[in-house]
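Summary of structural features
Here's the letter readout for the chains.
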Amino acid sequence: EESIAAIKEEASNMQDLVEQLLFLARGDNNTMSLEIEPFDLGALGETIVREYQMLDEDHEYVSSFESVLVEGDQGLIKQAVRVLVDNARKYTPAGGKIKLLVKGEGRQAHITVQDVGIGIPPEVISRIFGRFFRADESRARATGGTGLGLSIAHWIADRHGGHIEVLSRENVGSRFTLVLPALPPTTESES
């Protein structure tokens, strides 16, 4: 039974790796079509945090969402945010807080995922969006993953005219902010 469980886990890991590599290959070849539409980033944040609150009883989720309109592929933006939340879950001890925040700042929309996890060594922050990059191989074995998630999130942000900001301190936590162009608020009449 132990061998079967190990084989199943490895097969699942291989499937995840293949799916991520195919995603990046389609992105590199510009063969991925985006379904661009306006949507409320705050509402998307609420959906994501509700999903994780149901699935993850080991962490406390704290959230604050403003209504901010963006234009993009909602499924891909959701995928990028999930990458950030999954990383927060992996590197935050049980019982720790994970914050999700959405706010508008001028012509930008920010969705932030902040954790109280192990943090990232300062000397490697510039490389974390590289494909297959893992800050520490011993951590990689303990937490799983392929080292492609942040590369995918970075590609999605870039394709939407945005970027990802990172602030991290070892043994304090990390804050990842996906910054996207915001649509101007709609008003009935402008003076």
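Residues numbered from 1 in each chain as written. Predicted model: local features only at pLDDT ≥ 70, side-chain atom pairs only at ≥ 80, totals over all residues. Heavy atoms only, no water.

Along the polypeptide, Leu-69 turns up in strand E3 (residues 69–73). Judged by its relative accessible area of 33%, Leu-69 is partly exposed. For the pair Leu-69 and Leu-180, spaced 111 residues apart in sequence, the C-alpha separation works out to 10.0 Å. Sequence-distant contacts of Leu-69, defined by excluding residues within four places in its chain, comprise Phe-39, Asp-40, Ala-182 and Leu-183. (Helix = DSSP H or I, 4+ residues; strand = E, 2+ residues; numbered from the N terminus. Buried < 20%, exposed > 50% of the residue type's maximum accessible area, 1.4 Å probe, protein only. Contact = heavy atoms within 4.5 Å.)

A few words now on the confidence of the model for the chain. Mean pLDDT over the chain works out to 84, with 83% of the residues at or above the 70 mark. For the chain, per-element mean pLDDT is lowest for helix H4 (residues 137–143), which scores 47, and highest for strand E5 (residues 108–115), which scores 97. Overall, residues 138–142 carries pLDDT values under 50, and its contacts beyond four positions in sequence, including any with other chains, amount to six contacts. (pLDDT = per-residue confidence, 0-100.)

A separate point is the packing of helix H2 (residues 41–55) against helix H3 (residues 74–91). Here H2 crosses H3 at 45°, and the two axes come no closer than 11 Å. Taken together, the axes of H2 and H3 lie oblique to each other. In the crossing of H2 with H3, the sense of the turn from one axis to the other is right-handed. Here H2 contributes Leu-41, Leu-44, Thr-47, Ile-48, Glu-51 and Tyr-52 to the contact with H3, which in turn contributes Gln-74, Ile-77, Lys-78, Val-81, Arg-82, Val-85, Asp-86 and Arg-89. (Axes fitted to C-alpha atoms, helices over the stretch in contact; angles between N-to-C directions. Parallel < 35°, antiparallel > 145°, perpendicular 65-115°, else oblique. Left-handed = near helix turned anticlockwise from the far one by under 90°.)

The subject of this paragraph is the nonpolar core. Leu-41, Ile-77, Val-85, Leu-100, Val-113, Phe-176 and Leu-178 are the most contacted members of the largest nonpolar core, which has 41 residues in total. Per element, the largest residue contribution to this core is eight residues, and it comes from H3. When near neighbours in sequence (up to four residues on either side) are disregarded, Ile-77 contacts Phe-39, Leu-41, Leu-44, Ile-156, His-160, Leu-178 and Leu-180. (Core = buried A, V, L, I, M, F, W, Y, C linked by side-chain atoms within 4.5 Å.)

Our next topic: the environment of Val-179. As for its position among the elements, Val-179 is in strand E7 (residues 173–181). On the basis of relative accessibility, which here comes to 2%, the residue Val-179 falls in the buried class. Val-179 sits 74 residues away from Glu-105 along the chain, and the two C-alpha atoms are 9.7 Å apart. Here Val-179 is in contact with Gln-108, Ala-109, His-110, Gly-162, His-163 and Glu-165, once residues within four sequence places are set aside.

Our focus in this paragraph is the packing of H3 against helix H5 (residues 149–159). Look at H3 against H5: their axes get within 9 Å of each other, and the N-to-C directions meet at 145°. Seen from above, H3 lies across H5 with left-handed handedness. Along the contact surface, H3 presents Leu-76, Ile-77, Gln-79, Ala-80, Val-83, Leu-84 and Asn-87, while H5 presents Gly-149, Leu-150, Ile-152, Ala-153, Trp-155 and Ile-156. Across the contact of H3 with H5, the residue classes break down as 10 nonpolar, three polar and no charged. (Nonpolar A, V, L, I, M, F, W, Y, C, P; charged D, E, K, R; others polar.)

A separate point is H3. For H3, built from 18 residues, the straight-helix expectation of 26 Å at 1.5 Å per residue is met to within 8% by its first-to-last C-alpha distance of 26 Å. Burial in H3 covers these residues: Leu-76, Ile-77, Lys-78, Ala-80, Val-81, Val-83, Leu-84, Val-85 and Ala-88. The residue sitting at the N-terminus of H3 and contributing the capping side-chain oxygen is Asp-73; that oxygen lies 3.1 Å from the backbone nitrogen of Gly-75. (Expected span 1.5 Å × (residues − 1). Polar contact = N/O pair within 3.5 Å; in protein donor to acceptor, adjacent residues only side chain to side chain.)

This part takes up the sheet that holds strand E6 (residues 163–169). Taken together, the five strands give an open sheet; going across it, the order is E2-E4-E5-E7-E6, and neighbouring strands pair in mixed fashion. Edge positions in the sheet fall to strand E2 (60–65) and E6, since each has one partner strand and no second. Within this sheet the neighbouring strands show an average axis-to-axis angle of 15°, counted without direction. Note: strand E4 (residues 97–105) against E5, eight bridges, orientation antiparallel. Its bridge partner being in E5, Glu-105 is matched across the sheet by Gln-108. Where H3 meets the sheet, its contacts fall on E2, E4, E5 and E7, and the angle it forms with E5 comes to roughly 25°. Relative to E6, H5 is tilted by about 140°, and along the sheet it contacts E6 and E7. (Pairing = 2+ DSSP bridges.)

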